[in-house]
Amino acid sequence: MELYNSTLESGFILVGILTDSGSPGLLHTTISVLYTLALTSNGLLLLVITMDARLHVPMYLLLSQLSLMDLMLTSVVIPKTLVDYLRGENAISFEGCALQMFLVLTLGGAEGLLLAFMAYDRYVAICHPLNYMVLMRPRICWLMMATSWTLAFLNSVIHTSYTMHFPFCMTREIRHLLCEIPPLLKLACAETSRYEFMVYVSGSIFLMPSLAAILASYTFVLVAVLHMSSGEGRQKALLTCSSHLTVVGMYYGAAMFMYVQPSSYHSPRQDNILSVFYTVITPALNPLIYSLRNKEVMGAFRRVLGRFSFIQDGGCHIEAL
């Protein structure tokens, strides 16, 4: 097969879900609404956690990192997708494709590790409450966040560099919403079976231990919750943990289908649906799942709103004088 030698100059064409959809206009509107919701909800959650001193505890510091990752992840992919549809152009440069892949792998990988640390935080808070401030002291909390970002960064550098070094075939069409490893490897003219196996192995190593740690943490939490004497405490713990598990299920389900499932089972339609799920649906739902049923977050939100209202009223009063 003839190699496509001008990929570096011409780049690729993203043939995503909007191009293949039977109702692209309706889908474009839906994705636009979800993206706006993701920006608004994650931005507000970040603002509330930053401004309210009562939320400056490990659980909410980790949650703020999750909101930051979701905000960045959806913004790396969705704005370009929406603008490309309106302009009727789906091109992306070679460098832009590499950058998008690097950022998505970094942010997605960091989120997976962070979810495991959040599960550990809930385990310590419920199973070892007396030792919570020791086991989750600020230094440990910041180390968890730094570990998530660092390991994900290193993993992303390795996979992005190796994936983009392949020669690509005559076609420039990537039948996917964004630049990711599985659809790009389908365009490679070189033998990629060994690397596909390495992606499978590294995906398993990256995802499985974190998922096992999450399941183990929540198993211990469930046992501890069932032995609680306080009905109110039991209900609060169950609500918090069920919220976390919902997020874990959405993230790990999509990630495992994309990076652990053998390449022979991938199809462009399935991959496109999965990509929409973890680039816009999950970022839009995460802050709602964590905040709507959380009295502390909702209370902080009302306090922050009250503070802004007071400042605005004070400014109007000064102008009147």
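Residues numbered from 1 in each chain as written. Predicted model: local features only at pLDDT ≥ 70, side-chain atom pairs only at ≥ 80, totals over all residues. Heavy atoms only, no water.

Chemist: Please give an account of the overall build of the protein that cites residues and values.
Modeler: Helix and strand counts for the protein come out as 12 helices and 5 strands. Computed over its C-alpha atoms, the radius of gyration of the protein comes to 22 Å, within 12% of the 20 Å expected for a compact globule of 321 residues. Projected onto its principal axes, the C-alpha positions of the protein cover 70 × 60 × 35 Å. The buried share of the protein, taken over its 321 residues, is 46%. (Helix = DSSP H or I, 4+ residues; strand = E, 2+ residues; numbered from the N terminus. Rg over C-alpha atoms; globule rule 2.2 N^0.38 Å. Buried < 20%, exposed > 50% of the residue type's maximum accessible area, 1.4 Å probe, protein only.)

Chemist: Now, about helix α11 (residues 268–291): what can you tell me, with residues and values included?
Modeler: Here α11 is 24 residues long and its end C-alpha atoms lie 34 Å apart, about the 34 Å a rise of 1.5 Å per residue gives. Of all the bends in α11, the largest measures some 40° and sits at T282, one to four residues before the proline P283. (Expected span 1.5 Å × (residues − 1). Bend = angle between axes of the 7 residues up to and from the residue.)

Chemist: Explain the side chain of S156 residue by residue, including any values.
Modeler: Considering the arrangement of structural elements, one finds S156 in helix α7 (residues 138–163). Residues contacting S156, with those up to four places away along its chain left out, are M101, F102, L105 and T106. (Contact = heavy atoms within 4.5 Å.)

Chemist: With reference to specific residues and values, describe the packing of aromatic side chains.
Modeler: Counted under the stated rule, the structure contains 10 aromatic pairs. Here the aromatic rings of Y251 and Y252 are separated by 5.0 Å at their centres, their planes lie at 85°, and the arrangement is edge-to-face. Take Y251 and Y252: they sit in the same class, and that class is buried. In textbook terms, an aromatic cluster arises when at least three aromatic residues are bridged by ring pairs, as seen for F12, F94 and F168. (Phe/Tyr/Trp six-rings, centres within 6.5 Å; stacked < 30°, edge-to-face > 60°.)

Chemist: Could you give an account of helix α5 (residues 94–127), naming the residues involved and the relevant values?
Modeler: End to end, α5 covers 50 Å across 34 residues, agreeing with the expected 50 Å (1.5 Å per residue, within 8%). Most of α5 sits out of view: 24 of its 34 residues are buried.

Chemist: Tell me about the nonpolar core, and please be specific about residues and values.
Modeler: Across soluble globular proteins, nonpolar side chains have a tendency to be buried as a group. The biggest cluster of nonpolar side chains holds 46 residues, and the ones touching the most others in it are L63, L115, M118, I214 and Y252. Broken down by secondary-structure element, the contributors of at least two residues to this core are α3 (24–51), α4 (58–87), α5, α7, α9 (193–226), α10 (231–259), α11 and α12 (295–320). Per-element accounting of this core gives the leading share, 9 residues, to α5. Beyond its immediate stretch of four places on either side in the chain, L115 contacts L66, I214, V247, V248, Y251, Y252 and Y290. (Core = buried A, V, L, I, M, F, W, Y, C linked by side-chain atoms within 4.5 Å.)

Chemist: Give me the lowdown on the UniProt feature "transmembrane region" (unreviewed entry) in the protein, citing residues and values where you can.
Modeler: The UniProt feature table records "transmembrane region" (unreviewed entry) at residues 26–48, 60–78, 98–120, 140–158, 205–226, 238–260 and 272–292. Annotated as residues 60–78, this span is 100% helix and 0% strand, and its ends, taken at the C-alpha atoms, are 26 Å apart. Strand forms 0% of residues 272–292 and helix 95%; the C-alpha atoms that close the span are 29 Å apart. (UniProt positions renumbered as here; feature names shortened; annotations may be inferred.)

Chemist: How would you explain the sheet that holds strand β5 (residues 173–174) if you had to name every residue and give the values?
Modeler: One open sheet accounts for 3 strands, arranged β3-β2-β5; its pairing is mixed. For this open sheet the edge positions go to β3 (91–92) and β5, each flanked by a neighbour on one side alone. As defined by bridge partners, strand β2 (residues 12–14) adjoins β3 across 2 bridges and the pair is classed as antiparallel. Bridged to F12 within β3 is I92. (Pairing = 2+ DSSP bridges.)

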